[in-house]
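Commentary on secondary and tertiary structure
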Amino acid sequence: YLEVNTKENRYTAGFASTLRVCGSDKNIELRRKASALGDKVVQTVEINGKQGKAYTIEKYVAVSTSRDTSKDSVQKSADDELASFINRGMDDEFKNSIDNLDKMWSVSNICISGDEKAQKAIRFNIYLMLSSVNPDDEKVSLGAKGLHGEGYNGHVFWDNEIFNLPFYIYSNPKAARSMLLYRYNTLDAARENARAGGYRGARYPWESADTGREETPRWGLDYKGNPVRIWTGDIEYHITSDIVYAILQYVRATGDMDFLLNYGAEITFETSRFWASRVEYNRESDRYEINDVIGPDEFHEHINNNVFTNYMARWNMQRGIELFSMIKDLYPEHYGRLSKKLNLTRDEVEGWKGIASKIFFPHQNDDLVFEQFEGYFNLKDYVVTEYDDVNNMPVFPRGIDRVKLNDYTLIKQADIVMLLYILGEEFSLKTKKNNFEYYERRTMHKSSLSPSIYCILGLVVGNYKKSYEYLMRTAMVDLDDNQGNTSRGVHMASTGGTWQAAVFGFGGVSINSE
Ligand code: IFM
C-alpha cells in the first residue's frame, strides 16, 4: 500500500496493489517482498518456474483518494476495493471493461473506408477521448494532456470546450454536461479572478485546476532554455467567451434546458458582465476596444483589438442579451431567481447592447482579409515556403529570430481562421476563402490546436488536398510525435480536433441555426 499527499491541497491518494501468480501449482511462489526503492514502491515475487513453460502474473491495483472518502478511510477503502477486485478476478474486470468500451464504441466509432492509416489514427484519437473523462465527476475536467503525461500539470484550457466538447456532446452528453458543470462549480473562482483584475462578473482562468483559480505559471523557458515571462494567464482573455460558446453548443444539440436555466445562463450573464467591464471606451472614435491581450495566436503578445477576442466578447454579450429576454418572457421564476441572485437589471443588459453595437474591429483589406489585430499588417511579412521532411510541418523561414516573433506576421496557430470556423454562419464564403489563403501561408502550426481547424476551413473553401494533409497532421500528432513533445503527454485538443475534422469536415455534418 502506498499513500501520497498532494503538495498544495493536501489530497491523499492511496494505492493498494498486489501481484498474483496464476496456475494450479500450489508451490510455484517461493517468496515475496515489498521494498521502497527511491521514490518507487516495489513488490517482488520470486517463482519456481520451469523452463519452456508460460506463466501468467496478474497485477491488481485499487486507488482511493480523499476526494472520494474521508482522509482516515482512504487506506481501508483502497484495501476493500483491492480485496473485492481479487475476489472477482481479472477476467471479470476484463469483461466489464470490454462491455463498457463496447458500449462507448457503439456510439462513437467512425469508419473510414479505403484509408487504413486514417482509420487507425481516428480510432486512436477517439480512444483517448473515451478513456480520459469521468462523466460522474463534476469537479474535474479534461486536462490538455489528458491522463497521459505531466505537461501543463494537468491543467484545463480552452482546448476542452472548443476542441473536445463537440465529441462528448454527440457521443456522451452526460460527460459533456459534467465538463460544463466543472465550469459552473468554479464560477465563484472566476468571479474572484475578475475582481482581482478590477473587473466585474466572471473571468475564467487561462489554466484551471480543481479550485478554478488562475494556475498559469508566470515564468517558463524559451526555446533556448532562457527564462521567459508567460503572459497568457494575465491577458489571454478569450477563454471566457469560449466557455459560453461551448455551453450554447451543448444546449443547442441536447435541448438541456435544465442545464441552461440553472447553470449556463448564470455563466453567460456573469461573463457578459465581465466583458462590459473589460472593454475600454475610446471617446475620440466613439468605440469600445479591448487592448493588451493575447489572442489564440500566442506568438503575438500585448496586442490591441484582436479580432477573435473582440468578436467573441461581442458574441458573448449578444447571447447574454438574448438569453435575458428569453428567460424573462418564458421562465419568469428563473428570471426572478437569477435577477435577484446576480442583481441583474434590464438597464444593465441595455448597457451591454450599447457596448456590443460599438465594439471595434481592425479593418479588412480590399480582399476581405481581416487584420488579425491592430497593426498586424504593418509587421515584417514572412510566408512559409518549406516543410520538414519527417513530418511535413512548416519550417521557420530564414532570417527569423524566434525571440522576436511579435515583430513578424508569422502566426503560431489558427486565429482568424478559428473564428471563421466556429462562427462560420456569420461570414461569407469569399471572406473564408481569402482569409484562409492569406493566413495559411503564415501559420507555423506550433500548436497542435491548429491543423484540425485549417483542415476544416480548407474543406469549406475547396482546398481538399491541403485538408487531407492537415487531417493527417492532426490525427497523427501523437503517433508520429510531430510536435516533438508527446513524452509530456498526448495532445487532447488535437484528438477533439481530429474528430471534428472527420465529422464536421470530411463528414460534412453541420448544424444550422434553425
Ligand atoms: O490552449 C493551448 C494554446 O492554444 C496553445 N498552447 C498550448 C495550450 C494547451 O494545449
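Scroll up to find the structure this text is about.
Residues numbered from 1 in each chain as written. Predicted model: local features only at pLDDT ≥ 70, side-chain atom pairs only at ≥ 80, totals over all residues. Heavy atoms only, no water.

**Brief notes about the nonpolar core**
Stated formally: Buried residues of nine kinds, namely Ala, Val, Leu, Ile, Met, Phe, Trp, Tyr and Cys, make up a nonpolar core once their side-chain atoms join them within 4.5 Å. Remark: exposure states derive from per-residue accessible area (1.4 Å probe, protein chains only) relative to the maximum for the residue type, with buried under 20%, exposed over 50%, and partly exposed in between. Helix numbering and strand numbering both begin at the N terminus, where a helix is a DSSP run of H or I of at least 4 residues and a strand a DSSP run of E of at least 2. Contacts: residue pairs with any heavy atoms within 4.5 Å of one another.
Core analysis: the largest hydrophobic core is formed by 114 residues, its most contacted members being Trp158, Tyr168, Phe269, Met418, Ile422, Leu423 and Tyr439. The greatest single-element share of this core, amounting to eleven residues, is contributed by helix α10 (residues 307-330). Discounting residues that sit within four places of it in the chain, Tyr168 has contacts with Met129, Val133, Leu142, Pro173, Ala175, Ala176 and Met179.

**A word on a nonpolar patch on the surface**
Note the cut-off: Only residues above 30% relative accessible area that lack a salt bridge enter a patch, with like-charged residues linked at up to 9 Å and the nonpolar side chains Val, Leu, Ile, Met, Phe, Trp and Tyr linked at up to 5 Å. Methods summary: accessible areas were calculated by the Shrake-Rupley approach with a probe of 1.4 Å, and residue burial reflects only the protein chains presented. Salt bridges are counted wherever a side-chain nitrogen of Lys or Arg sits within 4 Å of a carboxyl oxygen of Asp or Glu.
Together, Leu2, Val4, Phe15, Val41, Val61 and Val63 make up an exposed nonpolar region whose accessible area comes to about 430 Å². Secondary structure elements with two or more residues in the nonpolar patch: β1 (2-5) and β5 (57-65). Residue placement: Phe15 occurs in strand β2 (residues 12-21). Take Phe15: its relative accessible area is 30%, and that puts it in the partly exposed class.

**Some remarks on the site of the ligand**
Just so we agree on the cut-off: Any residue with a heavy atom lying within 4 Å of a molecule or strand is counted as near it. We call two N or O atoms a polar contact when they sit within 3.5 Å, provided that within protein one can donate a hydrogen and the other can accept it, with sequence-adjacent residues counted only if both atoms are side-chain atoms. All residues other than Ala, Val, Leu, Ile, Met, Phe, Trp, Tyr, Cys, Pro, Asp, Glu, Lys and Arg, Gly among them, are scored as polar; the first ten of these are nonpolar and the last four charged.
Every residue close to the ligand is listed here: Ala144, Tyr152, Phe157, Trp158, Asp159, Trp206, Glu298, Lys412, Gln413, Ser447 and Leu449. Contacts to the ligand include Trp158, whose side-chain N or O atom sits 3.0 Å from an oxygen atom. Considering only residue class, the shell around the ligand consists of six nonpolar, two polar and three charged.

**Thoughts on the environment of Phe506**
Secondary-structure assignment places Phe506 in helix α18 (residues 492-506). For Phe506, a relative accessible area of 41% corresponds to the partly exposed category. For the pair Phe506 and Leu471, spaced 35 residues apart in sequence, the C-alpha separation works out to 9.2 Å. Setting aside anything within four residues of it in sequence, one finds Phe506 in contact with Cys455, Leu459, Ser467, Tyr468, Leu471 and Ala501.

**Some thoughts on the pattern of salt bridges**
Evaluated as defined, the whole model comprises 38 salt bridges. Across the salt bridge formed by Asp234 and Arg229, the nearest N and O atoms sit 3.1 Å from each other. Overall, the relative accessible area of 24% leaves Asp234 in the partly exposed class. In this structure, Asp401 engages Lys404 in a salt bridge whose closest nitrogen and oxygen atoms are separated by 3.9 Å. Look at the salt bridges and you will find they share partners, linking Asp188, Arg191, Arg200, Glu266, Glu270, Arg273, Lys341 and Glu348 into a network.

**Observations concerning α18**
What counts here: Take the residue count of a helix, subtract one, and multiply by 1.5 Å to get its expected span. The bend reported for a residue corresponds to the angle between axes fitted to the seven residues ending at that residue and the seven starting there.
In this model α18 runs 20 Å from its N-terminal to its C-terminal C-alpha over 15 residues, within 8% of the 21 Å that 1.5 Å per residue would give. At Gln500, α18 shows its strongest bend, of approximately 25 degrees. Within α18, 13 of the 15 residues are buried, leaving the element largely enclosed by the surrounding structure. Phi for Gly508, located one or two positions after α18, is positive at around 70 degrees.

**Digging into the packing of aromatic side chains**
Short version of the rule: Only Phe, Tyr and Trp rings are paired, with Trp represented by its six-membered ring, and only when their centres lie within 6.5 Å; those with planes under 30 degrees apart are stacked, over 60 edge-to-face, the remainder tilted. The criterion is that NZ of a Lys, or CZ of an Arg, lies within 6 Å of the ring centre and within 35 degrees of the ring normal, and then a charge sits over that ring.
Scanning the model with the defined rule gives 34 aromatic pairs in all. Measuring from ring centre to ring centre gives 4.8 Å for Tyr438 and Tyr439, while their planes differ by 80 degrees; the resulting arrangement is edge-to-face. Comparing Tyr438 with Tyr439, the two get one shared label, buried. Here a set of aromatic residues connected by ring pairs shows up, and it is made of Tyr152, Phe157, Trp158, Phe163, Trp206 and Phe308. Across from the ring centre of Trp231, 4.0 Å away, lies the NZ or CZ of Arg229, which sits over that ring. Sitting over the ring of Tyr438, Arg442 keeps its end group 3.8 Å from the ring centre.

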